Amino acid sequence: MHSPWSRRAFLLTTGGSALALTASGLPADEAAAAEQADAYEALRTRWRTLLLGEGFSPTAEPFKSRLAELGATARELRATMAPATGSLWPDLSYADPDPDTDQESYGYSANVVTGYSRLSTMAQAYRQEGTGLTGDASLRTGILQGLDHLYAEVYNETQAHFGNWYSWQIGAPQALLDICVLMYDHLSATQVTNYCRAVDHFVPDSAVGSYTGTSTGANRVDLCRVLALRGVVGASAAKIALARDALSPVFPYVTAGDGLYTDGSFIQHTTVPYTGSYGSVMLGGLGMLFSLLRGSDWEVTDAKKQIVFDAVEKAWAPFLYNGLVMDGVAGRAISRGLSASDTKRIQADDHRRGHPIMSAVVLLGQGASAAENARWRGLVKGWMRRDYYSPPLSDASLGLTSLARLQGVEDDASVTAIAEPTGHRLFPNMARATHRRPGWAASISMSDPRITYYETGNGENLRGWHTGAGMLYWWGDSYANGQYSDAFWPTVDPYRLPGITASRKALADAAGGDWGASLPDVRWVGGASDGQRAAIGQYVKGLQSTLRAKKSWFCLDDAIVCLGAGIACTDGAAVETTVENRNLGPTGTTSFQVDGAAKPTASPWSATLAGAKWAHIGGHGGYVFPGGATVKALREERTGRWSDINKGGATTAIARTYLTMYVDHGTAPTNGTYAYVLMPGASAAQTAARSAATGWLQILANSDSQQGVSVPSLGFTGVNFWFGGTVGKLTASAPCSVQISERSDGTAVICVSDPMRAQASLTLTWSRAVAAVTAKPATVTSAVTGASLKLTFGDLSGTKGATQRITVRLG
């Protein structure tokens, strides 16, 4: 059997250095070899800790039960393992009769990964205390037998890959190398050599030779993990150094394609906002690699890794709310609810995607500054304590290591939970926005020539067609945190996602193509924000549709004003704007009233609400229709299956009740419009009062040319100029977004952006008495007259849609 270097005990007793060995009479080359061997052993020890966790008692809950469950799972896997030609378990054939890259071959290659993953589960049960199988000889034999079987049959240096590249370069080798670390003392030198040779075949050094294709962002971090562990297991300093150095392209900000952007955006697969899925993988992977290599000869010393630390609060925290990570940045992962192959039937959702990010933040903090680490632990404790819907410490899908990290934060009396912040964040580089107010948070998902309508691929997210058509998500502080968690995606009407304007033209599953292939041919998408409020707009063109619409959101203190105009379509199908589509759960008897009149709580029910001025959904919030509107409403039970939207999903039927409000624009609108105000958390009385206060909101424009509002009590004006023109007191020479906040101290902040990223020059005139301009970008010139302010912006095309901020003293 392969064992640690035989002089390790001597190293420990003499201080662990080559100098000590030499002084004791060992030759210098032998002393150096001993020190190097000890370095690899130290890395293996550290990786075992990262895999198995530390700082918890195996006899204390929740760890005792989880360890017992791990043991039971491993025992079952050992009992059912039956090595045969083409499989290691009877239900996991990897013998692809027609190996290529079609969907069927993807399944066969995935079975290779699952086989190694099962062996990894068995290895963890073997090494963990408290599983009932710790050190079990039969389990050890099964693990080693399984490793040799997979090597001999499918994962070896002579095998050509088929199916999904990910299976061969990331999925299988990561699990294999984890097992090698856990079982290292029981592997022969031949086994280590064989497994390393197989990894080298599928993951050669050239896999990180250039920062392109499948070797960017989270994928690059995963590949570096494979190379680093290959070096640790196979005692190759060159492999570990290569892994460390290949991380460096991940750190710098990017201006196109995959990676982190200066505005906090994170993109993967070139066109997909992926903070909550691939971004989670990247953050967790970097945390583990930083921790593995810290203090070793291969420590990551690139100063640009600080960009990753900065991104914790700049890129990830804005999308975490009460422990969940917002679905608008989770790509096709939203369709991964309940897997057909999951015998434990644990449903993935936005909360269970958020919890690993929290754990990754804790781990990453161990290598950050003391101030960053303390603040991040406070953020994590706050998220944990507010996650009433899905408490992280009860998350059955969370690994023991992550569970231990989060438990450590919870038990740390020196950590004070940090409250959810308030404010607005625009992410122009991924067409996303988040708006946080006391008591609630919201997010808007859009699409443009750089950001896809939606991503499908691997048979996943087959009906996410309209998620980028202005979907407006929102959550309350102590309510509705399961709105999108509770089987929302397989049961919601995909043509009636909240906030969107869409044609009901029937679309095929995966319409538009895999991997974010379809991009809308529109340029005006974005907005302007002062960090607290915002004016946001999206020019919508439908996926495989003739639909056109101009949509605006004005994000305020206790509400979001939603406007639509220029809605046109010749599909011959109904065109709708969905004001709301609330998931009311299995029973769905939540109260609903319109203009003070209660509506039936039973389903099915539907009605046309002519001249409606306001509506209220009990326990959720209110909706105001300025001037009255004709809105259709229905309460219906919808049945779906996870397999409807994900080919690997469970086939069990699920039913949920929805309360929907939508504006029907007809089958051939030429200039449809809508206007409504969303008031999350508002009571019926507050909603009615806002509706009655007709002077609170002034709609300045709602046309195909401009959309704008004014809220005098807030000193707020927001205008989206789809074309130049005059709206209220503002005149713009070209398309732009403008947000003005007049403050009680006699100053005003003017925020301007060019969402089209195209204006060589822009002139904005505000017909308001201004005494002086007190702050502005150097590229902006100003002229103040007695009754107006004229601002001239230089070339805005290079600002990439970022907000330009000007502060003035009012006259």
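Residues numbered from 1 in each chain as written. Predicted model: local features only at pLDDT ≥ 70, side-chain atom pairs only at ≥ 80, totals over all residues. Heavy atoms only, no water.

Some points on the sheet that holds strand β8 (residues 440–445)
And then number 1: As summarised here, the arrangement of the four strands in space is β6-β7-β8-β9, forming an open sheet in which the pairing is antiparallel. With one partner strand each, in any of the chains shown, β6 (423–427) and β9 (471–476) form the two edges of the open sheet. Each neighbouring strand pair of the sheet contributes to a mean axis angle of 10°, computed without reference to strand direction.
And then number 2: Bridge count for strand β7 (residues 432–437) against β8 is six bridges, and the pairing is antiparallel. Bridged to His435 within β8 is Ala442. (Pairing = 2+ DSSP bridges. Helix = DSSP H or I, 4+ residues; strand = E, 2+ residues; numbered from the N terminus. Axes fitted to C-alpha atoms, helices over the stretch in contact; angles between N-to-C directions.)

Side note on the packing of aromatic side chains
And then number 1: With the rule as written, the count across this model stands at 26 aromatic pairs.
And then number 2: Relative to Phe63, the ring of Phe56 lies with its centre 4.6 Å away and its plane at 20°, an arrangement referred to as stacked.
And then number 3: For Phe56, a relative accessible area of 18% gives the class buried.
And then number 4: Between the aromatic rings of Trp475 and Tyr484, the centroid separation amounts to 5.6 Å while the plane-to-plane angle is 75°, which identifies the pairing as edge-to-face. (Phe/Tyr/Trp six-rings, centres within 6.5 Å; stacked < 30°, edge-to-face > 60°. Buried < 20%, exposed > 50% of the residue type's maximum accessible area, 1.4 Å probe, protein only.)

Points about the packing of helix α14 (residues 370–386) against helix α15 (residues 400–411)
And then number 1: At a minimum axis separation of 9 Å, α14 and α15 run at an interaxial angle of 95°. Put simply, α14 runs roughly perpendicular to α15. Facing Arg377, Val380, Lys381, Met384 and Arg385 of α14, the residues of α15 in contact are Leu406, Gly408, Val409 and Glu410.
And then number 2: By residue class, the composition of the contact of α14 with α15 is four nonpolar, one polar and four charged. (Parallel < 35°, antiparallel > 145°, perpendicular 65-115°, else oblique. Contact = heavy atoms within 4.5 Å. Nonpolar A, V, L, I, M, F, W, Y, C, P; charged D, E, K, R; others polar.)

Details of the side chain of Lys541
And then number 1: Relative to the elements of secondary structure, Lys541 occurs in strand β12 (residues 534–541).
And then number 2: No salt bridge is formed by the buried Lys541, whose closest oppositely charged neighbour, Asp521, lies at an N-O distance of 4.0 Å.
And then number 3: Within the structure, the side chain of Lys541 is placed 3.1 Å from the backbone oxygen of Asp521, a separation counted as a polar contact.
And then number 4: If near-sequence neighbours (up to four positions away) are discounted, Lys541 is found in contact with Tyr453, Pro520, Asp521, Val522, Leu547 and Arg548. (Lys, Arg positive; Asp, Glu negative; His and termini not counted. Salt bridge = Lys/Arg side-chain N within 4 Å of Asp/Glu carboxyl O. Polar contact = N/O pair within 3.5 Å; in protein donor to acceptor, adjacent residues only side chain to side chain.)

Looking at the sheet that holds strand β29 (residues 762–766)
And then number 1: A sheet is described by the order of its strands in space; here five strands give the open sequence β25-β26-β29-β32-β31, paired in antiparallel fashion. The sheet is open, and its two borders are formed by β25 (725–727) and β31 (780–784), each paired with just one other strand. The average undirected angle you get between the axes of adjacent strands in this sheet is 15°.

Observations concerning the environment of Arg768
And then number 1: Looking at where Arg768 falls in the secondary structure, it is placed in the loop between β29 and β30 (770–775).
And then number 2: Judged by relative accessible area, which is 21%, Arg768 ranks as partly exposed.
And then number 3: C-alpha of Arg768 to C-alpha of Tyr126: the two residues are 642 residues apart in sequence and 74 Å apart in space.
And then number 4: When near neighbours in sequence (up to four residues on either side) are disregarded, Arg768 contacts Glu742, Ala787, Ser788, Leu789, Leu810 and Gly811.
And then number 5: Side chain to side chain, Arg768 and Glu742 meet in a polar contact 3.0 Å long.

Quick word on empty space enclosed by the protein
And then number 1: Evaluated as defined, the whole model comprises six cavities of 30 Å³ or more.
And then number 2: Taken as a whole, the largest cavity holds about 140 Å³ of empty space.
And then number 3: If you go around the largest cavity, you meet 18 residues; those closest to its centre are Gly328, Gly331, Arg432, Tyr454 and Thr467.
And then number 4: Considering only residue class, the lining of the largest cavity consists of eight nonpolar, seven polar and three charged.
And then number 5: Taken together, the elements giving at least two residues each to the lining of the second largest cavity come down to β10 (501–503) and β12.
And then number 6: In terms of residue class, the lining of the second largest cavity is built from 10 nonpolar, eight polar and one charged. (1 Å grid on protein atoms, 1.4 Å probe; cavity = no way out; pocket = protein on both sides within 12 Å on 5 of 7 lines; lining within 4 Å. Points joined across faces, edges and corners; volume = space filled by probe spheres on them.)

What to know about helix α12 (residues 306–316)
And then number 1: Those residues of α12 that sit buried are Ile307, Val308, Phe309, Ala311, Val312, Ala315 and Trp316.
And then number 2: Buried residues along α12 sit in contact with β1 (259–260), α11 (278–293), β4 (320–321), α13 (350–365) and α14.

Re α15
And then number 1: Compared with the 16 Å implied by 1.5 Å per residue over 12 residues, the 16 Å span of α15 between its first and last C-alpha is a close match.
And then number 2: In terms of burial, α15 is a largely internal element, nine of the 12 residues being buried. (Expected span 1.5 Å × (residues − 1).)

What to know about the pattern of salt bridges
Side chains that differ in charge, positive against negative, can pair when their charged atoms come close.
And then number 1: Inspection of every chain in the model, using the stated rule, returns 31 salt bridges.
And then number 2: The partner of Arg504 in a salt bridge is Asp493, with the nearest N and O atoms 3.1 Å apart. Placement of the pair is Arg504 in the loop between β10 and β11 (525–529) and Asp493 in the loop between α16 (488–491) and β10, with a sequence separation of 11 residues.
And then number 3: By relative accessible area, Arg504 is classed as partly exposed at 27%.
And then number 4: Overlapping salt bridges, with partners in common, bring together Asp200, Asp205, Arg230 and Lys239 in one network.

Observations concerning the environment of Asn671
And then number 1: Within the secondary structure, Asn671 is located in the loop between β20 (654–664) and β21 (672–680).
And then number 2: Apart from the residues within four sequence positions on either side, Asn671 is in contact with Gly566 and Ile567.
And then number 3: One polar contact links the side chain of Asn671 to the main-chain amide nitrogen of Gly566, over a distance of 3.2 Å.

Overview of the pairing of β7
And then number 1: Counted residue by residue, β7 has six buried out of six residues, so it is predominantly covered.
And then number 2: Every second residue of β7 is oriented toward a common face, with Arg432, Thr434 and Arg436 on one face and Ala433, His435 and Arg437 on the other, all of them buried.
And then number 3: The pairing of β6 with β7 spans five bridges and is antiparallel. Looking at the pairing, Phe427 lines up with Arg432 of β7.
And then number 4: Between β6 and β7, which pair antiparallel one after the other, the connecting turn spans four residues, and Ala431 there sits at a positive phi close to 50°.
And then number 5: Where β7 hands over to β8, the hairpin turn is made up of two residues, of which Gly439 adopts a positive phi near 100°.

Things to note about the packing of helix α4 (residues 63–80) against helix α5 (residues 103–127)
And then number 1: Between α4 and α5, whose axes approach to 9 Å, the crossing angle comes to 125°. With respect to α5, the axis of α4 lies oblique. Read as a crossing pair, α4 and α5 show a hand that is left-handed. Of the residues in α5, those touching α4 at Leu70, Gly71, Thr73, Ala74, Leu77 and Arg78 are Arg118, Thr121, Met122, Gln124 and Ala125.
And then number 2: A class-by-class count of the residues in the contact of α4 with α5 yields five nonpolar, four polar and two charged. (Left-handed = near helix turned anticlockwise from the far one by under 90°.)

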